[in-house]
Amino acid sequence: MSDIIQLLPDHVANQIAAGEVVQRPASVVKELLENAIDAGATNIKLLIKDAGKTLIQVIDDGKGMSATDARMCFERHATSKIQKAEDLFNLCTKGFRGEALASIAAIAHVELKTKTSKEELGTCIKIEGSKVVSQDFISTAKGTSLAVKNLFYNIPARRNFLKSDTVETRHIIDEFQRVALAHPDIAFLLHHNNNEVYHLKSGNFRQRIVAVFGSKMNEKLVPINETTDIVNIEGFVAKPEFSKRKRGEQFFFVNNRFIKSSYLNHAVVNAFDGLLEQGAHPSYFLYLTVPANTIDINIHPTKTEIKFDNEKALYAMLRATVKHSLGQYNVAPVLDFNRDANLDTPYHFKTAAKTATVPKISVDPDFNPFKEDKQNNNNFSSKKEKQTQNWEALYTSVDSTETTTESLFEHQEAEKTQKTFQIQRKYVMSLIKSGVVLINQSLAHQRILYEQFLESITVKEANSQQLLFPVKISFSSAEIEMIYTIKTELENAGFSFDEFTKDSVTIKGIPVSVTESKITIILEELLNDINLEVPDTSFSHFDIMAKSFAKTLSIKTGTLLSEKEQESLVNDLFSCKEPSASPFGKATFKTLTLNQIDNLFNS
C-alpha cells in the first residue's frame, strides 16, 4: 500500500491558518492595530475602503522594522514578542503567536513600508498570496505602514460569505472602538471611504469614552476605583436610568486588552440588582489590572477569552466595588433601619445662628366656649338633610329595576352579534363556521405593517410628512456612519434629512405612519437589526427596514383593542399575501375546529 500522508505546501497551510485568524475584515483591523500598539506608536491611522474589502491600511509612528525583520515578519511562527514557552504565562504584549501577518499575506495583496529611526532608508515589500513580488529600499517616515488590499481575492467562497458593507463596517468600528478605549494615551484616526469617522486625541479614560460615544455620555458615567492585592479596578458604569435593551456598551479590559466574560458580566449585573427594569442591561467600561502570571490568554485565536487563577475572588471584588460606587454617588438607595431620621439635622440649621428665641404667646380675649354659634348649627342641619336625601335616594327609584333588566338583555343580544373577542390583551379570537381562529395580535400586526412598509418602499412612492420643527438626534460617530450608508434607503421609506454632523443627524421629514416620538427608537432598533442581517443584496436593506419598522411600531402585548380595532386587525391580516407567519417566521394564528374543541372535553 502506497503512502498517502504528506506535508502541505506553505501557502496552503497559511490559508488554513488564515481561516482561524482572519474571519472577516475586522479581524485584519484588530491584528494590525495591535501590532502598531506593540511597536510603541503614539499616533495610529486606520484607512478603510469598501468596508475593508478593497483596502485596510494602518499607519503608525512606532519603532519600525529593519529590512531583515520586514521580510521575516511574514513567516509563520515568526515573532519578537516571546522566545520560550514560559513567556506565554507572562505576556505584556498584544500579539505573541506570530501567525497574523503570514495568514493575512496568504489571502490578500499586502504592501509593507517601514523604517527605524536609525536608518536613512526604509523597506518596501509587496506580497500576493504568500509570494513575495518585490522588495526595495524607499524613502519613508519612521514607523510602519501596512496596506491590505483585495482581501480573500484567492478564496472567493470566503469573500461571498461576507455580509453587507454596512454590517462589515460596523464590525470594523467595533474592533476600532475596543482598541481605542483600551489605550486612551494613544491618538487614533479612522477614515472610511475618505470620510473621517473618528479623530481621537490622547487623554484619560473618561475623555476617550466621551470622544467615542458622544458628549452626552459624560453625564451618564459613575466612576469606579478600587485597589487590592489581587486586582486593581477602575473605570465607569452608566447610571441605571440610562440602561439599554441591547447589550452594546459593555466593555471589560484586562491589562489593556479587551475581553469577553459572561462570568464577570454577571457580577456587574448582580451589583445593579433592584435598580434595572426587566430586560434592561447596564453599560460599563471597566479596566482590570492583574499580575500577568495569574491569567492565561492563549485559549482562543481571537484572544478575547481569558482564564483567571482566582475567578471567584475577582467576581466578589468586582460586584462589591460596583455596588459601593453606585451607593457612594447616590445612584443606589442606602437604607439604615437602625437610624432615627428624626435626629437628622437639616442642612440649613447647620449654618444658621444657634441662639435660642423665646416663643411668643397669643391670647384671644373674646373667646367664650359657652357662646352658641347659630350659623354653625344651621350649616350642620342643612348638611344632614342633604346627606339624608342622598341616602334615601337608594330606595326611591323602584322602576329603575325594570330599566336595568331591559338594558342587561339588550347588552346580551348585542354580544351575540360580536364576532371577535380579545383574550388577556394578547390574543384576538374570531368566530368562523368550522370553529374559532386564535390570533396573536402583536405578530399579526407585524405581518400587516411589514407588507405595507415593503410595498410603500419598493413599489409605491413613500409618503413623507414634513415636521414643523426639525428633530436633531444624537448618535455616536459609528452610528452616524451607518445611517449615512443607508441614507438612500431611508429616504425611499419616507425619511427626509437636513444635516449630518459627527455626533448628530437632523431629520425634517418622517413616514406618515411614524410618530415624532418614535423616531429615535425606530432608528436605534434599525441599526441593531442591520448588525445581524444577511449578506448584501439589492433587496436586503429594504427588507431589514420593513422588518425593523414593523417590529417597532406593531401593537404590543397588553394593548386593549376595541371591537372595531379587533375586526380591522382580522380583516387586514387575512388580506396579506402571507397571513400565516410574521416577518420573523413565527405563526400569527392557530385554528381550532369544533371537533378539536369537542375532543378537549371527551378525552
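Shown above is the structure to which this text applies.
> How should I be thinking about the nonpolar core in this particular structure?
The tendency in soluble globular proteins is for nonpolar side chains to be buried as a group. Leu46 and Val148 are the most contacted members of the largest nonpolar core, which totals 60 residues. Beyond its immediate chain neighbours, meaning those up to four positions away, valine 148 contacts Val28, Leu32, Thr54, Leu55, Ile56, Ile104, Ala108, His109 and Val110. Counting 31 residues, the second-largest nonpolar core is a separate cluster that includes Ile480, Met545, Ala546 and Leu553.

> Just to check I follow, could you spell out helix α8 (residues 262-271) for this structure?
The periodicity of an α-helix, 3.6 residues per turn, causes residues three or four positions apart to be oriented the same way. Looking only at α8, the buried set comprises Leu264, Asn265, Ala267, Val268 and Ala271. On an axial view of α8, the arc spanned by its buried residues comes to 155°, and they lie on one face. On its buried face, α8 sits against β11 (250-254), β12 (257-259), β13 (284-289), β15 (307-308) and α9 (311-328).

> What am I meant to see in the packing of aromatic side chains here?
The relative placement of two aromatic rings is captured by the distance of their centres and the angle of their planes. Overall, the coordinates contain 16 aromatic pairs when judged by the stated rule. Here the aromatic rings of phenylalanine 253 and phenylalanine 258 are separated by 6.0 Å at their centres, their planes lie at 65°, and the arrangement is edge-to-face. Taken as a pair, phenylalanine 253 and phenylalanine 258 share a single burial class, namely buried. Measuring from ring centre to ring centre gives 5.0 Å for tyrosine 263 and tyrosine 315, while their planes differ by 45°; the resulting arrangement is tilted. Taken together, the residues tyrosine 263 in helix α8 and tyrosine 315 in helix α9 connect sequence positions 52 residues apart. On the basis of relative accessible area, tyrosine 263 is assigned to the partly exposed category, the value being 32%. Every member of this aromatic cluster is reached through a ring pair, and the members are Phe205, Phe213, Phe251, Phe253, Phe258, Phe285 and Tyr287.

> Looking at this structure, how should I read the pattern of salt bridges?
In the structure shown here, the tally under the stated rule is nine salt bridges. Across the salt bridge formed by glutamate 111 and lysine 113, the nearest N and O atoms sit 3.9 Å from each other. With a relative accessible area of 32%, lysine 113 lands in the partly exposed category. Via salt bridges that share partners, Glu111, Lys113 and Lys149 belong to a single interconnected network.

> Just checking my understanding: could you explain helix α18 (residues 563-573) for this structure?
Taken together, the buried positions of α18 are Gln566, Leu569, Val570 and Leu573. One side of α18 carries all its buried residues, which in axial view fall inside an arc of 95°. Exposed side chains of α18 directed beyond 90 degrees from the buried face belong to Lys564 and Asn571.

> Honestly, the side chain of lysine 115 in this entry has me stumped. Any pointers?
With respect to the helices and strands, lysine 115 occurs in strand β3 (residues 109-115). In this structure the side chain of lysine 115 is engaged in a polar contact, spanning 3.0 Å, whose partner is the backbone oxygen of glutamate 119. In this structure lysine 115 touches Lys63, Gly64, Met65, Glu120, Leu121, Gly122, Thr140, Ala141, Lys142 and Gly143, once residues within four positions along its chain are discounted.

About the thresholds
- Residues numbered from 1 in each chain as written.
- Predicted model: local features only at pLDDT ≥ 70, side-chain atom pairs only at ≥ 80, totals over all residues.
- Heavy atoms only, no water.
- Core = buried A, V, L, I, M, F, W, Y, C linked by side-chain atoms within 4.5 Å.
- Buried < 20%, exposed > 50% of the residue type's maximum accessible area, 1.4 Å probe, protein only.
- Contact = heavy atoms within 4.5 Å.
- Helix = DSSP H or I, 4+ residues; strand = E, 2+ residues; numbered from the N terminus.
- Arc of directions from axis to C-beta.
- Phe/Tyr/Trp six-rings, centres within 6.5 Å; stacked < 30°, edge-to-face > 60°.
- Salt bridge = Lys/Arg side-chain N within 4 Å of Asp/Glu carboxyl O.
- Polar contact = N/O pair within 3.5 Å; in protein donor to acceptor, adjacent residues only side chain to side chain.

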